[in-house]
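# Fold and geometry: a report
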Amino acid sequence: MSEPFYITTAIAYPNGRPHIGHAYEAIATDAIARFQRLMGRDVRMVTGTDEHGLKMAQTARAAGRETLEFADEMSSYFRQMCAGLDISNDVFMRTSDAKHHEASIALWKAMEAKGDLYLDRYEGWYSVRDEAFYGEEELTEGEGGVKLSPQGTPVEWTVEESWFFRLSKYQDALLKLYSENPDFIRPESRKNEVLRFVEGGLKDLSVSRTSFDWGVPVPGSPGHVMYVWVDALTTYLSGLGFPDQNSDYARFWPANVHIIGKDIVRFHAVYWPAFLMSADLPLPQQVFGHGFLLNRGEKMSKSLGNVVDPMELAERFGVDALRYFLMREVSFGQDGTYSAEAIVSRVNADLANSFGNLAQRTLSFISKNLEGRLPQSDVKAAEDEELLALVDDACRNDVTREFAAFAFSQGLDSWMRAVFACNQYIDAQAPWALRKTDPARMEAVLETLLRAMRSLAIAVQPVIPTSASKLLDQLGIEAHGRDYAALNDQDYYARLASSGVTIAPPTPIFPRLELTAED
RNA sequence: GGCGGAGUAGCUCAGCUGGUUAGAGCGGCGGAAUCAUAAUCCGUAGGUCGGGGGUUCAAGUCCCUCCUCCGCUACCA
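So, here is what we can say about the structure in this document. (Residues numbered from 1 in each chain as written. Chains lettered and ligands numbered in written order. Predicted model: local features only at pLDDT ≥ 70, side-chain atom pairs only at ≥ 80, totals over all residues. Heavy atoms only, no water.)

## Some thoughts on the sheet that holds strand β13 (residues 257-261)
Put simply, the rule is: By definition, two strands form a pair when at least two bridges between them are found by DSSP. Segments assigned H or I by DSSP are reported as helices when at least four residues long, segments assigned E as strands when at least two residues long, and all are numbered from the N terminus.
Overall, parallel pairing links the 6 strands, which are arranged β3-β2-β1-β13-β14-β9 in an open sheet. Unpaired on one side and paired on the other, β3 (91-94) and β9 (185-186) mark the two borders of the sheet. As paired strands, β9 and strand β14 (residues 287-290) are joined by 2 bridges and run parallel to one another. By the bridge assignment for β14, I185 is matched with V287.

## A look at the side chain of S367
Note the following rule: Burial here depends on accessible area, computed with a 1.4 Å probe over protein chains only, as a share of the maximum for the residue type. Under 20% is buried, over 50% is exposed, and the range in between is partly exposed.
In this fold, S367 is placed in helix α13 (residues 340-369). Judged by its relative accessible area of 15%, S367 is buried.

## Thoughts on the protein's contact with RNA strand B
Inclusion rule: We call a residue near a given molecule or strand whenever any one of its heavy atoms falls within 4 Å of it. Throughout this description, a polar contact denotes any pair of N or O atoms lying within 3.5 Å of each other; where both atoms belong to protein, one of them has to be capable of donating a hydrogen while the other can accept it, and for residues adjacent in sequence the pair is counted only when both atoms sit in side chains.
Every one of the 28 residues lining RNA strand B counts as a neighbour, but R266, N357, R361, K368 and D427 are closest to it. Of what RNA strand B places within 4 Å of the protein, 71% of the atoms are sugar or phosphate. One of the side-chain N or O atoms of R361 is found 2.5 Å from a base nitrogen in RNA strand B. The set of elements that each furnish at least two residues to the surface near RNA strand B consists of α6 (188-199), α13 and α15 (408-429). Among the elements that take part in the surface near RNA strand B, α13 stands out by supplying 11 residues, more than any other.

## Some points on the pairing of strand β8 (residues 156-165)
Put simply, side chains in a regular strand alternate between the two faces of the sheet. Judged from the 10 bridges that link them, strand β4 (residues 117-127) and β8 form a sheet pairing that is antiparallel. The partner of D120 across the bridge, within β8, is S162. Here 2 bridges tie β8 to strand β10 (residues 205-206), and the two strands are oriented antiparallel to one another. When the sheet's bridge partners are listed, F165 is paired in β10 with L205.

## Section: the side chain of T235
Definition in use: Whether two residues are in contact is decided by their heavy atoms: any pair within 4.5 Å suffices.
Secondary-structure assignment places T235 in helix α8 (residues 235-238). Residue T235 is classed as buried on the basis of its relative accessible area of 0%. Among the polar contacts listed, one links the side chain of T235 to the backbone oxygen of A232, at a separation of 2.6 Å. Setting aside its immediate chain neighbours within four residues, T235 contacts I11, V46, M93, T95 and H100.

What follows is the structure, given as structure tokens:
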């Protein structure tokens, strides 16, 4: 059995509908998952929704809805987003699921058994919106003397009985973890922030609430529900079937990587490993904090009115176009910007004009001049080998190396260079001229192009799965010959030719996009 | 205030441990071609590499300082 690979997205809080940031994270995580599958790994990808907490309960009440019923609806939007964007998650885990409660309770009991949980009183300024306590010194004065949290949300003096987790006990263990596993937190800049935070000393963490009941009940402590992060992070375990030892948990935990936004690095890089250490569970190998997407360089916000529905973008430009743009244009780990112009410009240049047109002109030519028969010829030339060497090097080495390192934009850059080389080759060889002067040579040129396009299509599958598979269909490549191992299969063409496969008149796979007046 | 990022051609960005005339894509301009989704290919564009100072035979690439933007964090009030 092949080696397991377990990857997760953050578990979204469905207080509102999914936005482009959720879509970006899901797409990036999916591309990694698909890449690993093509590399032959046995992959599990988990995503889901984190539905507990006061905010959800309040929002539901304000809408006159039953909390769970409201959560059902909100969660469904995220599930639909995944389906709509061709996200290949194996599991969609909801924190309101009974099995998730079971997992959270198991984790809680393990931490309790370790002596890391204790009951105490918590007094302080509490922000309902943030679900967090703040110190007096962190507050600011708002309109009319109202006290505000650092996030600008109202706070009120609250006295609450609360369970605490002995986070302070894990400071040294965490620092040891970071130093022994330099790649535990990535990218580097995020790691530095976490290091400084932990080095600065850790306070015990309040891990239960009594002010509401929409959450996982703390075992043996009526009135208490678990603090959002204990519950939410546990999704990474419950998504595999934990605590059932006969589930996928046994095979896939610990995670290879948790893909998250840069804003929640601390929870994943500090609290989460501390919880796991306390529960004597293995730690994930890596936490990767990606950047944010900016709308025309501006942070998106409801007040600015520039929040974009990712599904609208997908419907307008196409799912693969959106996926390609995000993976190509944004350097993973850094912030990126998007706009309709940028999407149209990038997708037209790379996918429609260069790659799509290459396929269209080649397949169309074969369809018309060879009646779709696969070209075959002995009249090879050095240029043929040179092109294939360049394409194979890009697909087998550059793309796989960069994708493996989550450097999709760099990998796609190499991939595009190979596409450019194909267009240069076809122009230089000019099969349309050879048709009259040297038909045998023409066939050799077309064969070279078919081989090159197969490699390019296989390589780019993680990013644009549907389009790549359409092209592989047009090329007559069988479903079982499309993984990365197939890139090393040099005999495929002879087998394909002798199988009698024909090339049908092609239809364009990557339509050119257009801007509207509003853009 | 501290720490960390970023500031390179009109736009988006590459430039690792310092070393030939600072690169790519897009856009713009000129040309070629016409198989193809009016797509492609070739050539070209002369940016004081945020400002200033320094080290060096040689600096986007190291050091100092200043400016702007961003993130994390602290504190004053």
